[in-house]
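A structural walkthrough
Below, each chain spelled out in residue letters.
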Amino acid sequence: MEKREVPGVHRYDAPAGGWGALKATAKAVVEQMHLAEAPLLLLHTNKPDGFDCPGCAWPDKDHTSTFQFCENGAKAVTWEATKKRVPPEFFASHTVSELLEWSDYQLENEGRITHPMAYDRGSDTYLPIDWDEAFARIGSVLRGLPDPNMAEFYTSGRASNEAAFLFNIFAREYGTNNFPDCSNMCHEATSVGLPKSIGVGKGTVSLEDFDHCELIIAMGHNPGTNHPRMMGTLHECARRHVPIIVFNPLKERALERFADPQDPIEMGTFRSTDIASTYYQVKVGGDAAALKGIMKSVLEMAETNDDALDHAFIAEHTNGFIDFAADLKSTDWVDIENACGLSRADLERVAAAYVKSKATIVTFGMGITQHAKGTQNVQQISALLMLRGNYGKPGTGICPLRGHSNVQGNRTVGITEKVDDVMFGRVETTFGFRPPPHHGHDAVNAMKAMVAGSSKVLVCLGGNFSIALPDTDLSYQGMRNLDLAVHLNTKLNRSHLLVGKESIILPVLGRTERDIQASGPQSITVEDSMTMVHASRGKLPPASEHLRSEPAIIAGIAMATLPNSKVDWKDLIADYDRIRDKIESVYPDFKDYNLRIRHPGGFRLPLGPTERIWHTKSGKAEFLPFTGLEEDPAVAGPNVFKLTTLRSHDQYNTTIYGLDDRYRGVFGRRDVLFMSEADLVAQDLEHGDLVEVNSALPGYEHKRLRLTAIAHDISRGSVGAYYPEANNLCPLDYQDKESRTPSYKSIPVRIRKLDAAVA
Ligand SMILES: Nc1nc2c(c(=O)[nH]1)N[C@H]1C(S)=C(S)[C@@H](COP(=O)(O)OP(=O)(O)OC[C@H]3O[C@@H](n4cnc5c(=O)[nH]c(N)nc54)[C@H](O)[C@@H]3O)O[C@H]1N2
Ligand SMILES: Nc1nc2c(c(=O)[nH]1)N[C@H]1C(S)=C(S)[C@@H](COP(=O)(O)OP(=O)(O)OC[C@H]3O[C@@H](n4cnc5c(=O)[nH]c(N)nc54)[C@H](O)[C@@H]3O)O[C@H]1N2
Ligand SMILES: [Mo]
């Protein structure tokens, strides 16, 4: 097909990384920062005495390496440390109705919020409010609720352990377990799936394991954009000739070829390293079938090759193998091929590579978890590893790529809506009160309660709750039903503009900034994807003298809400060591917390599977079968595609840094639908046609989005669009029944051509 020119859509042939990444970093610095501050800032990122990069949760080697270059880390840091400000004068000259017409990019690009602000209905603007007045107002509304369970306490995973722990204690003392969090939309399938499989809801690998592994299988994640420091690790492995087998419906450039900006030879010679040894463009939602195919093939090999399975590991450490194997044996190869879009021969090749490897790591991200059977998907990955004893020996294990830089830490220090009797008992002995005995709301249930009008207050410790959730129409409604919304944020976002009766924005210090309390400068702590806990200390002067730290704001709200609180809030925030002592008292895994975070690099929390200890009901690792082959409810009918929602290279979740997605060849726009050439032809469409994408889920056909269809290297039957623009196409309760994670990665849609013009 002779392709026509589509504005802003060009082929990108270069490798990922390289000079393009350096150029993009320089641009981020120039656009956002005072140039004099930039070197200080970037040199302190992930250093022993510096701050933890707010970009991603990938660990650093001991936090002691020399400056590690990372384009998207630099974007995250410069976006926070921007010179741009949103003072009260900005709010005075823009009504909320007017701001609602702005794009997400325009809203956040205005810069840092400088003062606490409260919505004034008369003028339809936000007006400055004193801190004490704001706390008093929040306290009064919270105390006035007939039932504490009518309030929701949302956490986005950037909050420190100290802030998240105080939030946990405050809301539970107030009387609710309503803790919706970003993890509910992200790796909840991992947090729910892995404890049943291996007894812990976290990854089991360490960075050192990558030095010893013989094979990496990478499923459903895009590290060149979302975990850029992982590219250094993959680059090293690829150079060691470790095969890296990728499963992804889109050909993501960084997984194909990467030029390491730290490597003077690659930079000087414009050469790059091939990352994936083999790239399988699985169908969207086809990973479970692919995994079942690989495991079926391993079992077939085991009939003639005694070493194909680790019989000793299976016998000593696992449970359920016989039924699991029987399910695989009875699954038909033709059905597997149809469900994943890959051939039996391809899957047998993966199985052969797997059987050859003595130490395998499987890495995975949102392409695995955000499906209607995300929990079972994660358990299939774990089962694949168990077949050959790939737990508890060097170079092996499961590696979920966590999202926000401290999302894992937030969960460890108690951000969960679930009742945990052991933890509740320790809260009682530490603080003298016991949290309520029933489960609270997760993210989707919190929004459902807001829509129904049964939850009236929402307090957000970071994030952009209503825009991150599915079904934007319903989210808008839920926000507008509230009596009070409280947003602890650094920057203006759309959730602030969806006002109900009252709305208050409380501007917080970011990670890059100095946090000074009564006892002097404070450090906070975070936990990375590999369970390493370490300290982080900001260096820059705060964006405004009116900002407060997250712990101090939570303490302020708590004191105004609970006059008879059992917690000495003032004492705790005077010195964060005292908060950490309380964390240690509630969570004994943090033994000697304050001592151990003073070691460069911090410490690792205990992880059973690394010692082949399984905290499951049976005391063994469990083989848990995947029923059938479909990850998501199949919608019958011709022309139904599976839409997956994606992050661009210039984006951090709902934060849009810019309008380019360099590696996918999209520039200055986000209104595109990625589609394979073959599907374009079959639908009688041309590259650049304006189309209407509408939900194919019964009852949701009215949900529509206009996009420009563009030819892209993506598997057939699968289409892609950007998040959060496409979120309205995903129903609120279209989710994994076990973990309740929304199935953002597999929305059935139909596509209709609107007119012949190039859009
Ligand atoms: N710069 C930057 N860094 C980030 C973020 C960000 O937005 N920007 N977000 C942070 C957060 S909160 C998270 S959770 C992580 C997200 O990191 P990722 O997990 O990498 O997130 P996504 O971009 O949503 O998509 C993942 C990949 O899955 C593929 N995919 C889509 N559907 C399927 C499928 O059905 N099967 C398979 N095998 N693959 C599929 C997509 O093509 C894409 O390459 O990154 C974190 N880091
Ligand atoms: N369709 C679709 N939807 C998705 C996803 C998807 O892949 N597809 N991914 C889901 C995932 S994985 C996640 S994690 C969620 C993300 O959901 P959230 O975590 O709620 O969203 P973010 O966009 O990360 O939040 C951005 C806001 O955080 C604030 N902020 C930034 N830094 C700080 C800080 O240091 N402190 C405080 N208090 N505030 C700060 C800024 O004001 C900014 O506006 O979205 C989910 N939604
Ligand atoms: Mo996430």
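This report concerns the structure included in the present document. (Residues numbered from 1 in each chain as written. Chains lettered and ligands numbered in written order. Predicted model: local features only at pLDDT ≥ 70, side-chain atom pairs only at ≥ 80, totals over all residues. Heavy atoms only, no water.)

1. Topic: the overall build of the protein chain
Short version of the rule: By the criteria applied, helices consist of DSSP H or I runs no shorter than four residues and strands consist of E runs no shorter than two, each listed in order from the N terminus. All radius of gyration figures rest on C-alpha atoms, and the globule criterion is 2.2 Å times the number of residues raised to 0.38. When accessible area is computed with a 1.4 Å probe and restricted to protein chains, residues below 20% of their type maximum are described as buried, those above 50% as exposed, and intermediate ones as partly exposed. Any two residues whose heavy atoms approach within 4.5 Å at even a single point are treated as in contact. Computed with a 1.4 Å probe, the accessible areas rest on the Shrake-Rupley method; for each residue, only the protein chains presented here act as cover.
Within the protein chain, the regular secondary structure consists of 31 helices and 31 strands. Taken over C-alpha atoms, the radius of gyration comes to 25 Å for the protein chain, in line with the 27 Å a tight globule of 759 residues would show. Counting only C-alpha atoms and orienting by the principal axes, one finds that the protein chain spans roughly 70 × 65 × 55 Å. The buried share of the protein chain, taken over its 759 residues, is 66%. Expressed as a percentage of contacts within the protein chain between residues at least 6 apart in sequence, the contacts between residues at least 24 apart total 79%. About 26400 Å² of surface is accessible on the protein chain, with carbon and sulfur atoms providing 53% of the total.

2. So, the site of ligand 1
What counts here: Whether a residue is near a molecule or strand is decided by its heavy atoms; if any one of them lies within 4 Å of it, the residue is near. Throughout this description, a polar contact denotes any pair of N or O atoms lying within 3.5 Å of each other; where both atoms belong to protein, one of them has to be capable of donating a hydrogen while the other can accept it, and for residues adjacent in sequence the pair is counted only when both atoms sit in side chains. Note that the domain bounds reflect an automated or database-derived domain assignment.
Every one of the 31 residues lining ligand 1 counts as a neighbour, but Glu-252, Asp-287, Arg-647, Gln-651 and Asn-653 are closest to it. Asn-226 has a polar backbone atom sitting 2.8 Å from a nitrogen atom of ligand 1. When isolated, ligand 1 has an accessible area of 920 Å², and the protein chains bury 99% of it. Secondary structure elements with two or more residues in the shell around ligand 1: helix H11 (223-226), helix H20 (366-369), strand E24 (641-646) and strand E25 (651-652). In this structure, the shell around ligand 1 is formed jointly by two domains, domain 2 (188-401) and domain 3 (641-753), each of which donates at least three residues.

3. Let's talk about empty space enclosed by the protein
Definition in use: Put plainly, a pocket is an open set of points on a 1 Å grid over the protein atoms alone with protein on both sides within 12 Å along at least five of seven lines, a cavity is a set where a 1.4 Å probe fits but cannot get out, and a lining residue has an atom within 4 Å of a point. Grid points are joined across faces, edges and corners, and a volume is the space filled by probe spheres set on the points. Residue polarity is assigned by list, with Asp, Glu, Lys and Arg as charged and Ala, Val, Leu, Ile, Met, Phe, Trp, Tyr, Cys and Pro as nonpolar; anything else, Gly included, falls into the polar class.
Overall, the coordinates contain three cavities of 30 Å³ or more when judged by the stated rule. Within this model, the second largest cavity holds a volume of roughly 50 Å³. Contributing to the lining of the second largest cavity are 13 residues, with Asp-52, Cys-56, Trp-58, Arg-229 and Asp-528 lying nearest its centre. Here the lining of the second largest cavity is composed, by residue class, of five nonpolar, four polar and four charged.

4. Considering the pairing of strand E5 (residues 125-128)
In plain terms, the rule: Pairing between two strands requires that DSSP report at least two bridges joining them.
Across four bridges, the pairing between strand E4 (residues 117-120) and E5 is antiparallel. Bridge assignment links Tyr-119 to a residue of E5, and that residue is Tyr-126.

5. Some words on the nonpolar core
Condition: The set of buried Ala, Val, Leu, Ile, Met, Phe, Trp, Tyr and Cys residues whose side-chain atoms join them within 4.5 Å is what this entry labels a nonpolar core.
Counting residues in each nonpolar core, the largest one holds 65 residues, and the members touching the most others are Leu-142, Phe-153, Phe-165, Phe-170, Leu-488 and Leu-506. With nine residues, helix H8 (residues 161-174) is the largest single contributor of residues to this core. When sequence neighbours within four positions are dropped, the list of residues in contact with Leu-506 reads Pro-116, Trp-131, Ala-134, Phe-135, Ile-138, Val-486, His-487, Leu-488, Asn-489, Ile-553 and Ile-557. One finds Phe-90, Phe-91, Ala-446 and Leu-705 within the second-largest nonpolar core, a separate group that totals 60 residues.

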